[in-house]
Amino acid sequence: MTPNKEERLGNIIDGKFLAEKKREEISQQAGAFLKKYGRQPGLAVVLVGQDPASAIYVRNKKRACEQTGIASFDYHLDETVSQQEILSLIDDLNARAEVDGILVQLPLPSHLVEEEILVRIDPGKDVDGFHPYNLGRLLMGEPTLVPCTPTGIMYMLDEYGVDIDGKDAIIIGRSNIVGKPMAILLMMRHATITICHSHTKDLPERVRSADIVVAATGRPHMVKGDWIKDGAVVIDVGISRTDAGLVGDVEFEEAKKHARLITPVPGGVGPMTITMLLDNTLLAARTHVS
Ligand code: GUN
């Protein structure tokens, strides 16, 4: 169903509405899973230290699990935990049958070696999609568990009926978590991709020619509204706390005048990311029982 939200919200993509809709679906599927296999799909969340933003993310993930009938197992470790202790915990979680997904909240304190921790997670339980195996599968065009923010964006584009085939898409930001997987997913759907970053020349000109703009830099309002081509679709992944409140990477008010569709911040991409984490947990759970 394409949400007929355009009448109520103009050209604003309603991420909260879409997230709710998808969560209802997940909730039904988690219920069916429980009935068939006698247990809920399970997600283990590992949080290290006291970073306030991470604590909020983790709380929201836990709440979303409760809402949809996914069991959550929480591990809150002290800031001073050793690399070896975390690796042992991952080994335990890899071995536990009731744990289908493992998420280690990032960023980690600087004494911990993130890459070593992420590759220790069983790729079949890597619901963040950050393991090199899963990223490699995506690159080969055979995706398994895919990072949640880009899959959430694809879901939103599809729900709003955005035609991707043959379109010029620009992605600003080249992270492993958003920019790179986003580029692959759009390319798999036959868009022509430009990935931009801090060394890119003529960014405004490149944005002006794009049909689809994905901004994922974490720099508040760095994409100016008048760069947006009339009729373009704008996806704003950034969320920064400023004196003016939470703002995205795009100058929303001005961009909204040009865009055919645009995501707000907050209430756009954010709610979809956690939703796709639940979906990945369900996907992983199905592979563990089959
Ligand atoms: N920190 C901020 N976003 C994320 C995410 O999507 N996954 C994990 N593991 N940590 C994060």
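The present account deals with the structure reproduced in this document. Being a predicted model, the structure only gives us computed values, none of them experimental.

Points about the pattern of salt bridges
Under the defined criterion, the tally for this structure stands at 13 salt bridges. The residue glutamate 159 makes a salt bridge to lysine 21 at a minimum N-O spacing of 2.6 Å. Of this pair, glutamate 159 sits in helix H7 (residues 148-159) while lysine 21 sits in helix H2 (residues 15-37), and the two are 138 residues apart along the sequence. Residue class for glutamate 159 comes out buried when judged on its relative accessible area of 13%.

Comments concerning helix H3 (residues 52-68)
For H3, built from 17 residues, the straight-helix expectation of 24 Å at 1.5 Å per residue is met to within 8% by its first-to-last C-alpha distance of 25 Å. By the burial criterion, the buried members of H3 are Ser54, Val58, Lys61, Ala64, Cys65 and Thr68. Burial along H3 is one-sided: seen end-on, the buried residues are contained in an arc of 125°. Across H3 from its buried face, at more than 90 degrees, point the exposed residues Pro52 and Glu66. Those residues of H3 hidden inside the fold are in contact with H2, strand S1 (42-48), strand S2 (71-77), strand S3 (101-104) and helix H11 (269-289). Following H3 by one or two positions, glycine 69 adopts a phi angle in the positive range, close to 80°.

Calculation notes
Residues numbered from 1 in each chain as written. Predicted model: local features only at pLDDT ≥ 70, side-chain atom pairs only at ≥ 80, totals over all residues. Heavy atoms only, no water. Salt bridge = Lys/Arg side-chain N within 4 Å of Asp/Glu carboxyl O. Helix = DSSP H or I, 4+ residues; strand = E, 2+ residues; numbered from the N terminus. Buried < 20%, exposed > 50% of the residue type's maximum accessible area, 1.4 Å probe, protein only. Expected span 1.5 Å × (residues − 1). Arc of directions from axis to C-beta. Contact = heavy atoms within 4.5 Å.

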